[in-house]
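Residue-level structure breakdown
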Amino acid sequence: MPRPPRRPAPLAGTLFLGRDAVASGLLTPADLRSKAWQQVLRGIYADATITPTHGLRCLAVTRFILPPGGAIAGRSAAYLYGVPLVGADEPVDVLVPYGVDVRPAGVRAHHTPVDSSDLRILRDIPVTTPTRTCFDLAQWAAGLVEAVVMIDALASRRVVSVPELETYARERAGQRGWRRLLDAALLADAGAASPPESRLRVRLVRAGLPRPQTQVVITRGGRFVARSDLGWPEYQVAVEYDGVWHAESSTQIHADRRRLNDIVATGWVVLHVTAKRLRDDFDGFVRELRAVLRARGAL
């Protein structure tokens, strides 16, 4: 029977530097390679019983890599605020002072001016404030749409409010990056329920369509009928994003069709867009939606 890996009590349930554990005699290099431990970042280990998350990586960076004056930022800060849109193995975004070289694998360092008022301590981790986090997301995200996706998620969790972001941006008018944050804030919506819905909403607005409301409640005779992802209540037009098709479930198909019939009976027009359509034929969907809105007097 193979011998169970060594797990010295001082290291159980902790994060530690591998070289320190070896130097102290608690572990050997071979022990570090056993199933008792996981490598969180190069040279930094944790008890294998700890769930590997992006938050664990942030903690490892804070304890062993982050220089004085630095802070967890960007998508990593958003994760710590409760927005799980970054993977466990993705790089940790950090702000570091100018002149400080931080290059470990798994860490993405950004050298940028930051005021002390833009930093706070969250569960013993130095992190950018929610408004500063959104400012950085607006600069670092892969385009305006993705910046809004992250900001929507923070706003929907009441971590930050859209008016706060608008004020923060306007107070920095003329500074580098303020316009990007303002553009993202003006498109953000705390009612967004998912990243795909955020992407759809922003792309519709950027395509020149009237801005839809989020989480639109449809009623009939004062009775609740349905809640739609996006809609224009004054014109009784709604759009729903279908991320997963339930063709394998006859029960789900029955429920979906009944719900759709109930909505149609109220006089609303509901257009559905799938993930594939959004990816491959967005322009065609925009034409269809534009025609419906025009017929209803919205355009």
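Look up a bit, the structure's there.
These notes cover the structure that comes with them. What you are looking at is a predicted structure, and each value in this text was computed from that prediction instead of being measured. (Residues numbered from 1 in each chain as written. Predicted model: local features only at pLDDT ≥ 70, side-chain atom pairs only at ≥ 80, totals over all residues. Heavy atoms only, no water.)

So, on to the packing of aromatic side chains. Under the criterion given, the structure shown has three aromatic pairs. Ring centres 5.2 Å apart and planes at 90° place the aromatic pair Phe16 and Trp37 in the edge-to-face group. Placement of the pair is Phe16 in strand S1 (residues 15–17) and Trp37 in strand S2 (residues 37–41), with a sequence separation of 21 residues. Taken as a pair, Phe16 and Trp37 share a single burial class, namely buried. Pairing Phe135 with Tyr168 gives two aromatic rings, centres 6.2 Å apart and planes at 65°, and the pair type is edge-to-face. Residue Phe135 is found in helix H5 (residues 130–140), and its partner Tyr168 is found in helix H7 (residues 162–171); the two are separated by 33 residues along the sequence. (Phe/Tyr/Trp six-rings, centres within 6.5 Å; stacked < 30°, edge-to-face > 60°. Helix = DSSP H or I, 4+ residues; strand = E, 2+ residues; numbered from the N terminus. Buried < 20%, exposed > 50% of the residue type's maximum accessible area, 1.4 Å probe, protein only.)

Given a rise of 1.5 Å per residue, 13 residues ought to cover 18 Å, and the 18 Å separating the end C-alpha atoms of helix H6 (residues 144–156) matches this to within 8%. Of all 13 residues in H6, ten are buried, a share of seventy percent or more. Within H6, burial applies to Val145, Ala147, Val148, Val149, Met150, Ile151, Asp152, Ala153, Leu154 and Ala155. Residues of H6 that are buried sit in contact with helix H4 (74–80), H5, H7, helix H8 (178–187) and helix H9 (195–206). (Expected span 1.5 Å × (residues − 1). Contact = heavy atoms within 4.5 Å.)

Another aspect to go through is the pattern of salt bridges. Across all of its chains, the model carries 13 salt bridges by this definition. Here Arg108 ties to Asp93 by a salt bridge, and the two come within 2.8 Å at their closest N and O atoms. Here the residue Arg108 occupies a position in strand S6 (residues 107–111), and Asp93 occupies one in strand S5 (residues 92–96), the gap between them amounting to 15 residues. For Arg108, a relative accessible area of 34% translates into the label partly exposed. Among the charged side chains, a network of salt bridges with common partners joins Asp118, Arg132 and Asp136. (Salt bridge = Lys/Arg side-chain N within 4 Å of Asp/Glu carboxyl O.)

Judged by nonpolar contacts, the single largest core of 50 residues is most densely connected at Leu41, Val61, Ile72, Val94, Leu154 and Leu181. Looking at which element gives the most residues to this core, the answer is H6, with seven residues. Not counting residues up to four positions away in its chain, the partners in contact with Leu41 are Arg57, Ala60, Val61, Ile65, Ala105, Gly106 and Val107. Formed by 18 residues, the second largest nonpolar core is a distinct cluster that contains Leu200, Trp232, Leu271 and Phe285. (Core = buried A, V, L, I, M, F, W, Y, C linked by side-chain atoms within 4.5 Å.)

Our focus in this paragraph is helix H3 (residues 54–64). Burial of H3 is extensive: eight of the eleven residues sit out of reach of the surface. The backbone nitrogen of Gly55 lies 3.3 Å from a side-chain oxygen of the residue at the head of H3, namely Thr53. (Polar contact = N/O pair within 3.5 Å; in protein donor to acceptor, adjacent residues only side chain to side chain.)

Another point: the packing of H9 against helix H12 (residues 282–295). Between H9 and H12, whose axes approach to 11 Å, the crossing angle comes to 70°. If you check the angle between H9 and H12, you find them roughly perpendicular. In this structure, H9 meets H12 at a crossing whose hand is right-handed. Between H9, through Leu200, Arg203 and Leu204, and H12, the contact on the second element is made entirely by Phe282, Phe285, Val286 and Leu289. Classifying every residue of the contact of H9 with H12 gives six nonpolar, no polar and one charged. (Axes fitted to C-alpha atoms, helices over the stretch in contact; angles between N-to-C directions. Parallel < 35°, antiparallel > 145°, perpendicular 65-115°, else oblique. Left-handed = near helix turned anticlockwise from the far one by under 90°. Nonpolar A, V, L, I, M, F, W, Y, C, P; charged D, E, K, R; others polar.)

To continue, consider the sheet that holds S2. Taken in spatial order, the three strands make up an open sheet running S1-S3-S2, and their pairing is antiparallel. Two strands in the sheet have a free side with no partner beyond their single neighbour: S1 and S2. Averaged over all pairs of adjacent strands, the angle between strand axes in this sheet comes to 40°, irrespective of strand direction. With three bridges connecting them, S1 and strand S3 (residues 44–47) associate as antiparallel partners. Looking at S3, one finds that Leu15 is bridged to Ala46. (Pairing = 2+ DSSP bridges.)

Right, let's get into the packing of H5 against H7. Close contact between H5 and H7 brings their axes to 10 Å; oriented N to C, the two are set at 70°. What the angle tells us is that H5 and H7 run roughly perpendicular. In the crossing of H5 with H7, the sense of the turn from one axis to the other is right-handed. Of H7, the residues touching H5 (which contributes Thr131, Arg132, Cys134 and Phe135) are Glu164, Leu165 and Tyr168. Residues belonging to the contact of H5 with H7 are distributed by class as follows: four nonpolar, one polar and two charged.

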